[in-house]
Amino acid sequence: MIFLDDQYVSSPEEIDLILKGGKRDVTASVVFTQSKSGESWVKHEINTFKAAVEDFLKEKPEYPMSDFLKSAHSTFNSLISNVGKLSGGRPNCEAYFATTGQVPPENARELWAARNTMNLGIKETGLFGEVAVEFLDRDVLLAKWNAAEGAVETTLSVLGMASFPKSPKIEEGYVVTARAKDFVVSVLSDEKGKLRTNIFDENVRAYIGSDNDVNAEIIETIEDADRQKRFGVLNNGITIISPDVRVQGNEVFLKNFQIVNGCQTSNILFSERGKLTEDATLMLKIIETDDAGLIDEIVRSTNRQSKVQDEQFLATLDAIKAIERFFEARGADEEHRLYFERRTHQFADEEVKAIRVFDIKEVAHASASMFLARPDLASRYPNRLTGEMRDMVFNPSYKEEIYYSSSYCLYRLLLLLSNNRIDRAYRRFRWHVLMAVRLFLEGESPALLNRGGIREACQNLEQFFEQDDAKIDRLAALCAAAFPDTSIPRDDLRTQSYVSEVRDRVLDYRNSHKGV
């Protein structure tokens with residue numbers, strides 16, 4: 001791919017059009033990419049990429065070329081013939097080798113040597129100014145994909161402003177007063193006048209509606225003409241973070257900003273925007289930072305004044321966001337569509353069946369039970385996500401598949417229990433059933449949660465719960481073997497000794513039914 005001043009060009013005619021008229025100092029970049037769907041980094045694949053790029057850069061390449069590559073090579077030759085019009089007299093070159101794994105560790109010397117050799121080989125052609133050969137892992141790919149969705153920018157007029165002293169990790173910070181109407185138009189509304197819902201992604205809660213007592217009181221304040229004039233004093237204000245804040249006169253420019261506190265106030269102001277007058281003002285705290293740790297600290301501190309459960313603060317973790325994206329990807333068809341409620345009340349305004357919605361706590365319970373053999377924790381703390389479970393379950397090295405698959409299996413199990421295809425007496429053992437099924441399928445040597453093999457294991461687990469008579473009968477038989485006494489005291493379900501008993505019964509049953 002070739003870019004002139006960040007504009008993609010795909011033909012010699014486009015290059016001529018941009019460079020005509022004697023225009024000079026155009027920045028040009030030539031970009032090569034090689035992507036692999038797997039997670040491994042293989043030296044000979046990097047070397048193959050290197051050889052293909054170096055052959056492409058020849059005046060007459062020797063490797064066979066597709067029509068696309070032939071067109072790209074013709075465009076490249078046109079670019080090289082116009083180097084006198086380029087900034088620096090030469091284009092720059094970027095080459096990216098991408099996989100879905102993690103970036104190779106520093107001690108993988110052969111891989112890094114292959115990358116460095118490729119970098120040197122491209123430089124030695126003498127065709128380019130700057131050369132960069134980079135590895136792209138899954139985290140970088142996700143970040144670039146998110147950035148490709150387009151930057152959110154706005155400029156807000158303010159009535160007054162005071163700056164915070166500069167502090168570590170915070171480039172700039174301000175407390176400003178703005179008209180509520182200006183805030184709604186400039187910050188909350190997109191170019192079509194609709195609410196920018198994505199600016200609340202870092203908030204721990206979604207909008208919970210007007211029925212909430214606090215939210216109802218905010219609406220009452222807006223509806224009362226006298227109280228609306230005091231809105232800026234009565235309301236706690238809104239906290240905004242942005243990696244790029246610029247102040248000029250009485251205007252504040254914001255780019256890629258997030259509202260981390262004040263989601264409820266913002267949604268109400270937007271829904272009641274027609275009632276706002278010029279007298280309604282709002283206090284905003286605006287902080288410039290892109291430090292993830294500091295952002296998390298700000299989220300926690302600014303949300304402590306309201307009742308927020310500890311697990312809700314997990315919503316801002318990258319690992320949790322990755323799980324949300326995975327749920328969205330797997331939900332392409334109705335059969336597999338589940339909803340991961342990363343933020344409280346996230347799907348309150350959507351027509352979504354409750355049985356398909358899983359919050360952070362429920363996903364943690366399901367994955368801990370199925371993949372970590374700890375159904376006792378889910379049974380012991382049905383309404384809580386303990387620190388022990390949180391730290392155990394949300395390991396950044398684990399594949400996102402385990403969170404979706406365990407939730408899907410729980411969803412299928414609950415459906416079977418609700419329509420009595422599986423005896424409802426087993427509902428109280430649902431967390432132990434998840435553990436039992438994995439033990440039955442994989443035995444005592446299960447797939448590792450941070451390796452590619454877990455994907456096949458997850459597929460097998462999901463298929464075990466399919467709505468097929470033979471498979472339902474197999475699940476019912478497993479439940480009968482694992483839980484012969486359905487009347488045991490509830491307290492027993494919360495012990496690891498009972499987990500061990502279930503484990504032994506399942507393994508015995510598995511050994512006696514091999515090949516069945």
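Residues numbered from 1 in each chain as written. Predicted model: local features only at pLDDT ≥ 70, side-chain atom pairs only at ≥ 80, totals over all residues. Heavy atoms only, no water.

Observations concerning the overall build of the protein chain
Okay, so step 1: Assigned secondary structure in the protein chain consists of 20 helices and 15 strands.
Okay, so step 2: Considering only C-alpha atoms, the protein chain reaches an extent of 85 × 75 × 40 Å along its principal axes.
Okay, so step 3: Across the 516 residues in the protein chain, those meeting the buried criterion constitute 46%.
Okay, so step 4: Restricting to contacts in the protein chain with at least 6 residues of sequence separation, those with at least 24 account for 70%.
Okay, so step 5: For the protein chain, the computed accessible surface area is about 26300 Å², with 47% contributed by carbon and sulfur atoms. (Helix = DSSP H or I, 4+ residues; strand = E, 2+ residues; numbered from the N terminus. Buried < 20%, exposed > 50% of the residue type's maximum accessible area, 1.4 Å probe, protein only. Contact = heavy atoms within 4.5 Å. Areas by Shrake-Rupley, 256 points an atom, 1.4 Å probe, with all protein chains shown as cover.)

Here's the deal with unusual backbone geometry
Okay, so step 1: Phi angles above zero are rare outside glycine, and N256 is one such case at about 50 degrees.
Okay, so step 2: Following the sequence through the fold, N256 ends up in the loop between β11 (251–255) and β12 (258–261).
Okay, so step 3: Exposure remark for N256: the relative accessible area of 38% places this residue in the partly exposed category.
Okay, so step 4: Phi at A373 takes a positive value of approximately 55 degrees, unusual for a residue other than glycine.
Okay, so step 5: Counting through the fold element by element, A373 comes out in the loop between α13 (360–371) and α14 (375–380).
Okay, so step 6: Its relative accessible area of 32% is what places A373 among the partly exposed residues.

Some remarks on the nonpolar core
Okay, so step 1: Counting 61 residues, the largest nonpolar core has Y403, F465, L475 and F483 as the members making the most contacts within it.
Okay, so step 2: Of all elements in the fold, only α12 (318–330), α13, α16 (401–418), α17 (430–442), α18 (454–464), α19 (469–482) and α20 (496–512) reach the threshold of two or more residues within this core.
Okay, so step 3: Here the element with the most residues in this core is α16; it accounts for eleven residues.
Okay, so step 4: Discounting chain neighbours no more than four positions away, the residues touching F483 are Y426, F429, H432, V433, Y498 and V502.
Okay, so step 5: If you look at the next biggest cluster of nonpolar residues, it comprises 34 residues, including V152, V187, I268 and A280. (Core = buried A, V, L, I, M, F, W, Y, C linked by side-chain atoms within 4.5 Å.)

A look at the sheet that holds strand β10 (residues 244–248)
Okay, so step 1: Overall, antiparallel pairing links the three strands, which are arranged β6-β11-β10 in an open sheet. The open sheet has two edge strands with one neighbour each: β6 (153–157) and β10. Here the strands of the sheet are splayed against their neighbours by 20 degrees on average, with no regard to which way each runs.
Okay, so step 2: Sheet topology note: the β6/β11 ladder contains five bridges and is antiparallel. Looking across to β11, one finds that L156 is bridged to V252. (Pairing = 2+ DSSP bridges. Axes fitted to C-alpha atoms, helices over the stretch in contact; angles between N-to-C directions.)

Focus on the environment of D137
Okay, so step 1: Looking at the secondary structure, you find D137 in the loop between β5 (131–136) and α5 (138–148).
Okay, so step 2: Residue classification places D137 among the buried residues on the basis of a relative accessible area of 6%.
Okay, so step 3: With 37 residues separating them along the chain, D137 and T100 place their C-alpha atoms 5.7 Å apart.
Okay, so step 4: Residues contacting D137, with those up to four places away along its chain left out, are W41, T99, G101, Q102 and V103.
Okay, so step 5: For D137, the side chain forms a polar contact with the main-chain nitrogen of V140, separated by 3.1 Å. (Polar contact = N/O pair within 3.5 Å; in protein donor to acceptor, adjacent residues only side chain to side chain.)

Comments concerning the side chain of R412
Okay, so step 1: As for its position among the elements, R412 is in helix α16.
Okay, so step 2: The class of R412 is buried, set by a relative accessible area of 4%.
Okay, so step 3: A distance of 3.2 Å separates a polar side-chain atom of R412 from the backbone oxygen of F465.
Okay, so step 4: Beyond its immediate chain neighbours, meaning those up to four positions away, R412 contacts E335, F465, E466 and Q467.

A word on the confidence of the model for the protein chain
Okay, so step 1: Taken as a whole, the protein chain shows an average pLDDT of 85; of its residues, 91% reach a score of 70 or greater.
Okay, so step 2: Looking over the protein chain, one finds the lowest element-wise mean pLDDT in helix α15 (residues 387–393), namely 70, and the highest in helix α6 (residues 180–188), namely 94. (pLDDT = per-residue confidence, 0-100.)

Observations regarding the state of the cysteines
Okay, so step 1: What the rule picks out here adds up to zero disulfides.
Okay, so step 2: Between C458, a free cysteine, and C409, which holds the nearest cysteine sulfur, the sulfur-to-sulfur gap is 8.1 Å. (Disulfide = S-S within 2.5 Å.)

Points about the packing of α17 against α18
Okay, so step 1: Where α17 meets α18, the axes come as close as 10 Å, and the angle between the chain directions of the two elements is 115 degrees. Of the two elements, α17 crosses α18, and the hand of that crossing is right-handed. Of the residues in α18, those touching α17 at V437, R438, F440, L441 and E442 are I454, A457, N460, L461 and F464.
Okay, so step 2: Of the residues assigned to the contact of α17 with α18, the class counts are seven nonpolar, one polar and two charged. (Left-handed = near helix turned anticlockwise from the far one by under 90°. Nonpolar A, V, L, I, M, F, W, Y, C, P; charged D, E, K, R; others polar.)

Comments concerning the pattern of salt bridges
Okay, so step 1: Throughout the structure, instances matching the rule amount to 24 salt bridges.
Okay, so step 2: A salt bridge links K50 to E54; the nearest nitrogen and oxygen atoms lie 3.1 Å apart. Of this pair, K50 and E54 both sit in helix α2 (residues 43–56), four residues apart, roughly one helical turn.
Okay, so step 3: As a salt-bridge pair, D376 and R374 come within 2.9 Å of each other at their nearest N and O atoms. R374 carries the same exposure label as D376, and that label is buried. (Salt bridge = Lys/Arg side-chain N within 4 Å of Asp/Glu carboxyl O.)

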